[in-house]
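Geometric and topological summary
Spelled out, the chains give:
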Amino acid sequence: MSSCDKRANEEDRVHASVKDYYGKTLKKSDDLATNVCTTPTTRLPKYVREALKLVHDEVASKYYGCGIVIPPCLHGAHVLDLGSGSGRDCYALSKLVGETGQVTGLDMTEEQVAVARKHIDYHAKVFGYAEPNTDFVLGYIERPIEAGIKENNYDLVISNCVVNLVPDKRAALGEIYKVLKDGGEFYFSDLYANCDLPDNIRKHEVLWGECISGALYWKDLGKIAEEVGFSTPMLISSREISINSKSSKLRELVGDYKFVSAEYRLFKCSTQGDGKPVNVVYKGELEGLPDEFILDKNISFKKDEPLCVSGNLAVILKCSRYRDEFKYEPAPCCATESQVAAVNPFDVAVSEDAKVCGEGGPSCCA
Ligand SMILES: C[S@@+](CC[C@H](N)C(=O)[O-])C[C@H]1O[C@@H](n2cnc3c(N)ncnc32)[C@H](O)[C@@H]1O
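Residues numbered from 1 in each chain as written. Predicted model: local features only at pLDDT ≥ 70, side-chain atom pairs only at ≥ 80, totals over all residues. Heavy atoms only, no water.

With an unreviewed UniProt entry as reference, the chain is termed Arsenite methyltransferase, source organism Priapulus caudatus. Quoted verbatim from the Sequence similarities (unreviewed entry) heading of the UniProt record, the comment on the chain is "Belongs to the methyltransferase superfamily. Arsenite methyltransferase family." (UniProt positions renumbered as here; feature names shortened; annotations may be inferred.)

Next up, the structure:
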């Protein structure tokens, strides 16, 4: 058997096993064997919390995401959710993009797509839309165009705890790059490991299904992103995950390997900066963000305060759907030019013990 055939067989085996896990083994979030595919309640703008509350109970009960994948500036956006499952994030986004926006979910598991499709009309009615703005497609993340997804078509691609499940991550990121418009953003949540995981973890079907075995070594994300043409990954948040399971066998297998759950944004931008720094000023007009726009762990724009950024970063912002949220002024000389740089998500991970909403957490959660 050629190495290509072997790879294809291995990919088919993983797809079949993951479909079985999400289509047959798991019926609801509580059936998960570990704590990985869960999202702690966290600081969220009120409008996002309200959109999430409107999602149908059956959809919400089958949520297996590990983070929040709802960036700002959504009105009228065309969004694609890869590995959309029962559709929780799609429906919250359906509300937030408004009637002129469009949200498509893609998933390879028929049972998941069926649940998501069942509630299309319900959500359109709840949101007061004349026509639904959501649809769900059966297909593979590695081959979205085969499933009818258009190239250069999306302002935003999201994915919640799915890239780890895909055997060929380079193919997945390459296809995501293709389907995004120029200036489009890939905003996603996933698991990362502190090293390359050994084969006894990699090949374990339950640990793979639970989003552990396929976790990328965090440094590999930057390498793959660069290879397929994306900007340097911008780390938005990161949280320690110590794997909890009722099964002592699973806990033993995972041993001392360390994991974080992290949200990143990557931009597709074909224009290059001219190398000259630019003063960028956030206007403070985005819903829920009147004082500050946090781009990533290194770069945050305070309302009306110029921030001197590299020419490349200014070009990315101007290319993106955030372009009109900023003013751009030449910066003839600036001492410290902010630019995107790789950040180790393990260095900045919030501890699992950090207070979260409903447990004495930040007052904005109230
Ligand atoms: C951990 S669940 C997350 C589901 C959803 N994002 C959520 O937050 O509830 C992973 C989902 O990704 C889908 N999936 C995994 N690998 C896939 C692939 N290669 N192509 C398409 N869907 C995939 C599974 O069928 C499953 O529904």
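The rest of the description comes next.
**Considerations on the overall build of the chain**
Across its full length, the chain carries 12 helices and 13 strands. The globule rule puts the C-alpha radius of gyration for 366 residues at 21 Å, and the 20 Å found for the chain is close to it. In terms of its C-alpha atoms, the chain occupies a principal-axis envelope of roughly 60 × 50 × 50 Å. Sequence-distant contacts, at least 24 apart, represent 80% of the contacts inside the chain between residues at least 6 apart. Taking the average place of the 44 positive charges on the side chains of the chain and the average place of its 55 negative ones, the gap between the two points comes to 1 Å. (Helix = DSSP H or I, 4+ residues; strand = E, 2+ residues; numbered from the N terminus. Rg over C-alpha atoms; globule rule 2.2 N^0.38 Å. Contact = heavy atoms within 4.5 Å. Lys, Arg positive; Asp, Glu negative; His and termini not counted. Charge placed at Lys NZ, Arg CZ, Asp CG, Glu CD.)

**Considerations on the domain arrangement of the chain**
Note on interface size: it is often stated as the accessible area lost on association of the parts. Assigned domains of the chain: these are domain 1 (3-270 + 344-348) and domain 2 (278-330). Interface of domain 1 and domain 2: buried area, both sides summed, is about 1600 Å²; carbon and sulfur atoms make up 68% of it. When the buried surface of domain 1 facing domain 2 is broken down by residue, Cys 73, Met 234 and Cys 269 rank first, second and third, together holding 31% of it. The salt bridge involving Arg 321 is made with Glu 185; its shortest N-O contact spans 2.7 Å. At the junction of domain 1 and domain 2, the tally comes to eight residue pairs in polar contact (both at pLDDT 80 or more). Broken down by element, the side of domain 1 that touches domain 2 gets its largest block of residues, four residues, from strand E7 (residues 234-241). In the side of domain 1 that touches domain 2, the residues fall into 13 nonpolar, three polar and four charged. (Domains from an automatic or database assignment. Buried area = accessible area lost by both parts, 1.4 Å probe. Salt bridge = Lys/Arg side-chain N within 4 Å of Asp/Glu carboxyl O. Polar contact = N/O pair within 3.5 Å; in protein donor to acceptor, adjacent residues only side chain to side chain. Nonpolar A, V, L, I, M, F, W, Y, C, P; charged D, E, K, R; others polar.)

**Structural notes on the nonpolar core**
One finds Val 157, Leu 173, Phe 186, Phe 188, Tyr 192 and Phe 230 to be the most contacted residues of the largest nonpolar core, which totals 34 residues. Mapped onto this core, the elements with two or more residues apiece are strand E1 (78-82), strand E4 (154-160), helix H7 (169-179), strand E5 (180-193), helix H10 (218-228) and strand E8 (259-267). Among all residues touching Phe 188, those that are not within four sequence positions of it are Val 69, Ser 159, Val 163, Leu 221, Ala 262, Glu 263, Tyr 264 and Leu 266. (Core = buried A, V, L, I, M, F, W, Y, C linked by side-chain atoms within 4.5 Å. Buried < 20%, exposed > 50% of the residue type's maximum accessible area, 1.4 Å probe, protein only.)

**Some words on the sheet that holds strand E13 (residues 326-330)**
The strands that make up a sheet pair up through hydrogen bonds in the backbone, lying either parallel or antiparallel. Sheet architecture is open: three strands sit in the order E12-E9-E13, paired in antiparallel fashion. Two strands in the sheet have a free side with no partner beyond their single neighbour: strand E12 (307-309) and E13. The average angle at which neighbouring strand axes cross in this sheet is 35 degrees, direction not considered. Direction of pairing for strand E9 (residues 278-282) relative to E13: antiparallel, over a ladder of five bridges. Bridging from a neighbouring strand, Val 278 pairs with Pro 330 of E13. Lying over the sheet, helix H12 (residues 311-319) contacts E9, E12 and E13, oriented at roughly 145 degrees with respect to E13. (Pairing = 2+ DSSP bridges. Axes fitted to C-alpha atoms, helices over the stretch in contact; angles between N-to-C directions.)

**Focus on empty space enclosed by the protein**
Under the definition given, this model contains two cavities of 30 Å³ or more. Surrounding the largest cavity, 30 residues form its lining, Gly 83, Ser 84, Gly 85, Asp 107 and Val 162 being those nearest its centre. Going through the elements one at a time, helix H1 (3-25), helix H4 (88-97) and strand E2 (102-107) are the ones with two or more residues in the lining of the largest cavity. Tallying contributions element by element places H1 first for the lining of the largest cavity, with three residues. The residue makeup of the lining of the largest cavity, split by class, is 13 nonpolar, 11 polar and six charged. Of the volumes computed, that of the second largest cavity is approximately 50 Å³. Forming the walls of the second largest cavity are Arg 13, Val 14, Ser 17, Val 18, Arg 202, Lys 203, His 204, Glu 205 and Trp 208. Of all elements in the fold, only H1 and helix H9 (205-209) reach the threshold of two or more residues within the lining of the second largest cavity. Take the lining of the second largest cavity: its biggest share by element is four residues, from H1. Among the residues forming the lining of the second largest cavity, the class breakdown is three nonpolar, two polar and four charged. (1 Å grid on protein atoms, 1.4 Å probe; cavity = no way out; pocket = protein on both sides within 12 Å on 5 of 7 lines; lining within 4 Å. Points joined across faces, edges and corners; volume = space filled by probe spheres on them.)

**Here we look at the packing of helix H2 (residues 46-53) against H4**
Close contact between H2 and H4 brings their axes to 8 Å; oriented N to C, the two are set at 125 degrees. By the criterion of interaxial angle, the relationship of H2 to H4 is oblique. Crossing of H2 against H4: the hand is right-handed. Across the interface between the two elements, Tyr 47, Ala 51 and Leu 52 of H2 pack against Arg 88, Ala 92, Lys 95 and Leu 96 of H4. Its residues assigned to classes, the contact of H2 with H4 shows five nonpolar, no polar and two charged. (Parallel < 35°, antiparallel > 145°, perpendicular 65-115°, else oblique. Left-handed = near helix turned anticlockwise from the far one by under 90°.)

**Remarks on H12**
Judged by how many residues are buried, H12 sits mostly within the fold: seven of nine residues are covered. Of all the residues in H12, the buried ones are Gly 311, Leu 313, Ala 314, Val 315, Ile 316, Leu 317 and Cys 319.

**A short note on a nonpolar patch on the surface**
A cluster of nonpolar side chains, Leu 54, Tyr 122 and Val 126, forms an exposed patch at the surface whose accessible area comes to about 230 Å². Residue position: Tyr 122 is located in helix H6 (residues 120-126). Since its relative accessible area comes to 37%, Tyr 122 is described here as partly exposed. (Patch = residues over 30% accessible without salt bridge, like charges linked within 9 Å, V, L, I, M, F, W, Y side chains within 5 Å. Areas by Shrake-Rupley, 256 points an atom, 1.4 Å probe, with all protein chains shown as cover.)

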